[in-house]
Amino acid sequence: MRKFFGTDGIRGRANTFPMTAEMALKVGMAAGLAFKNGGHRHRVVIGKDTRLSGYMLENALVAGFTSVGMDVFLLGPMPTPSVAMLTRSLRADLGVMISASHNPFHDNGIKFFGPDGFKLSDEIEMEIERVAESDMTPRLAGSMELGRAKRIEGAQQRYVEFAKRTLPREMSLEGLRVVVDCANGAAYKVAPEALWELGADVVSLGVTPDGYNINKDCGSTSTDALAKKVHEVRADIGIALDGDADRVIIVDENGQVIDGDQLMAVVAQSWHANNRLTQPGIVATVMSNLGLERYLDSLGLSLARTKVGDRYVVEHMRSKGYNVGGEQSGHIVLSDFATTGDGLIAALQIMACVKDQGRTVSEVCRRFDPVPQLLKNVRYSGGKPLEQDAVKAAILDGEQRLGTSGRLVIRASGTEPLIRVMAEGDDEFLVKQVVNDIADVVAKSAA
């Protein structure tokens, strides 16, 4: 069992275990030791979002990496996908992103990327945990072999150029009025700049971070302000990124939200028509709507499902040769361009489809009618509610009631102390009944 790592790196409340400066120091040392091989100067790239605790964790990680002889390149506030990209571009041995993604400011996290720009496997994360809990003193670098740290100038411009090159050179966003909500997070500079350089008329929201307001009433988890602004300025499209900009939600010209399932459907259809899909299908998680699966089937495409977590989507894409995948929450992975979810690049691909088809966003991005789906989160303080007999019985009963016309997904969150209860099916009333019944039993067992 892993002690620090969850489904997306290490995450928790800042300045409490495991997100303390001491733990960041140890994890930096352990990760540095795990990725040192050969006699060359070893490099690690570190980016962060705009949380107040980022300063504390960044400095602790720098101390850990330099103490084992790794040189550190500091990027400052930058999107998670840019860290993955720059890890490869700068020929680094390791990449680190300090972020808790869509969580409130009081949480933070540490995500790792290997030299290939992909997130680490479970096995490597467990090895880092093992080393971090051991006595690393004998393995510290000598006084002459300590690492150095420096800030990289121009990192933001590198990523802006990288994002722009994912569109054909002749493609311009001129004529599109775009509202982009950067969630007061990591993309608050690069996203508006990239859109403007591509010719869009840009209106920016969530670009005044203060350390506390990341994801607060803004971004991909709170789209009301974006929808209001789209209507106010009569924009063609609204783009909502999350705190580290690895996910995106779109708002159409009418203020209606378009989730990751619809976005994957748009890309899948477009790339299939242009013979750009490397496999006859895409990859998503167990949370994606049954309507997406049915829509893809109508195109002759398949939907491969993985457990929740964009890195599991990426692992399946890599092993089976897919180049499109993602999550309903807005992680869209386009492996022709990136090694992880990239909200800005996904948004650019959607806008390219809008420009190519000469239709409105609502027309382009409404590809299927979602099957009624309901998700409830039940918070718990300890223990393992899903192992309780009463909960197991309620889940079995729910599966039997839904039968073959629906799906039931019950899981513990990998990032928060929550049990997520999700059901979907053609009978909306039955779906609500099943979810509420199971959630009630879970809540009683967790009390």
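Above this text sits the structure in question.
Residues numbered from 1 in each chain as written. Predicted model: local features only at pLDDT ≥ 70, side-chain atom pairs only at ≥ 80, totals over all residues. Heavy atoms only, no water.

Regarding the overall build of the protein chain
1) Next: Of the regular secondary structure elements, the protein chain holds 14 helices and 19 strands.
2) Next: On the principal axes, the C-alpha backbone points of the protein chain span a range of 65 × 60 × 40 Å.
3) Next: Considering only contacts within the protein chain whose residues lie at least 6 apart along the sequence, 71% involve residues at least 24 apart.
4) Next: As displayed, the protein chain has an accessible area near 18600 Å², and 49% of this comes from carbon and sulfur atoms.
5) Next: Charged side chains in the protein chain number 51 positive and 57 negative. The centres of these two groups are separated by 4 Å. (Helix = DSSP H or I, 4+ residues; strand = E, 2+ residues; numbered from the N terminus. Contact = heavy atoms within 4.5 Å. Areas by Shrake-Rupley, 256 points an atom, 1.4 Å probe, with all protein chains shown as cover. Lys, Arg positive; Asp, Glu negative; His and termini not counted. Charge placed at Lys NZ, Arg CZ, Asp CG, Glu CD.)

Here we look at the sheet that holds strand β4 (residues 70-77)
Neighbouring strands of a sheet are bound in pairs by backbone hydrogen bonds; such pairs are parallel or else antiparallel.
1) Next: Taken together, seven strands build an open sheet; the order of strands is β1-β2-β6-β5-β3-β4-β7 and the sheet is mixed. Only two strands of the sheet have a single neighbouring strand rather than two, namely β1 (5-6) and β7 (149-151).
2) Next: With respect to the sheet, helix α3 (residues 80-89) is in contact with β3 (42-48), β4, β5 (94-98) and β6 (107-113), its orientation differing from that of β5 by roughly 165°. (Pairing = 2+ DSSP bridges. Axes fitted to C-alpha atoms, helices over the stretch in contact; angles between N-to-C directions.)

Here's the deal with a nonpolar patch on the surface
1) Next: A contiguous nonpolar patch, built from L52, Y55 and Y212 and spanning about 350 Å² of accessible area, is present on the exposed surface.
2) Next: Here Y55 lies in helix α2 (residues 54-67).
3) Next: With a relative accessible area of 52%, Y55 lands in the exposed category. (Patch = residues over 30% accessible without salt bridge, like charges linked within 9 Å, V, L, I, M, F, W, Y side chains within 5 Å. Salt bridge = Lys/Arg side-chain N within 4 Å of Asp/Glu carboxyl O. Buried < 20%, exposed > 50% of the residue type's maximum accessible area, 1.4 Å probe, protein only.)

Some points on the packing of aromatic side chains
1) Next: As enumerated under the stated definition, the model contains six aromatic pairs in all.
2) Next: On the numbers, 5.2 Å between centres and 70° between planes, the contact of F105 with Y212 is edge-to-face. Linking F105 in the loop between β5 and β6 with Y212 in the loop between β9 (201-205) and α7 (224-233), this pair joins segments that are 107 residues apart in sequence.
3) Next: F105 sits in the partly exposed class, given a relative accessible area of 30%.
4) Next: Judged by relative accessible area, Y212 falls into the partly exposed class, the value being 46%.
5) Next: Above the face of the W271 ring, R276 is positioned so that its terminal group lies 4.0 Å from the ring centre. (Phe/Tyr/Trp six-rings, centres within 6.5 Å; stacked < 30°, edge-to-face > 60°. Lys NZ or Arg CZ within 6 Å of the ring centre and 35° of its normal.)

Quick word on the environment of L146
1) Next: For L146, the location among the structural elements is in the loop between α4 (122-132) and β7.
2) Next: Counting along the chain gives 182 residues from L146 to Q328, while the straight-line C-alpha distance between them is 44 Å.
3) Next: Leave out the neighbours within four places in its chain, and L146 touches R41, T66, S67, G69 and A141.

Here we look at empty space enclosed by the protein
1) Next: Counted by the stated rule, this structure contains one cavity of 30 Å³ or more.
2) Next: Forming the walls of the largest cavity are D8, G9, K111, F112, K119, L120, E125 and R311.
3) Next: Looking at the lining of the largest cavity residue by residue, the classes come out as two nonpolar, one polar and five charged. (1 Å grid on protein atoms, 1.4 Å probe; cavity = no way out; pocket = protein on both sides within 12 Å on 5 of 7 lines; lining within 4 Å. Points joined across faces, edges and corners; volume = space filled by probe spheres on them. Nonpolar A, V, L, I, M, F, W, Y, C, P; charged D, E, K, R; others polar.)

Side note on the sheet that holds strand β18 (residues 406-412)
1) Next: Strand order across the open sheet formed by three strands is β17-β19-β18, with antiparallel pairing between neighbours. Of all the strands in the sheet, just β17 (373-379) and β18 have a single pairing partner and so form its edges. In this sheet, neighbouring strand axes are inclined to one another by 10° on average, regardless of whether the strands run parallel or antiparallel.
2) Next: Relative to strand β19 (residues 418-425), β18 runs antiparallel, the two sharing seven bridges. Looking at β19, one finds that A412 is bridged to I419.
3) Next: Against the sheet, helix α13 (residues 389-402) makes contact with β18 and β19, and its axis sits at roughly 160° relative to β18, the strand it touches most.

A closer look at helix α10 (residues 310-320)
1) Next: Burial in α10 covers these residues: D310, R311, Y312, V313, V314 and M317.
2) Next: Elements in contact with the buried residues of α10: β1, α4, β13 (281-285), β14 (302-306), β15 (324-326) and β16 (332-334).
3) Next: G321 sits one or two positions beyond α10 and adopts a positive phi of about 85°.

Regarding unusual backbone geometry
Most peptide bonds take the trans configuration, and most residues that are not glycine carry a negative phi.
1) Next: Between F17 and P18 the backbone carries a cis peptide bond, its omega angle lying at 5°.
2) Next: At N15, a residue that is not glycine, the phi angle is positive and equals roughly 70°.
3) Next: Turning to its location among the elements, N15 is positioned in the loop between β2 (9-13) and α1 (21-35).
4) Next: Look at A245: it is not a glycine, yet its phi comes out positive at around 65°.

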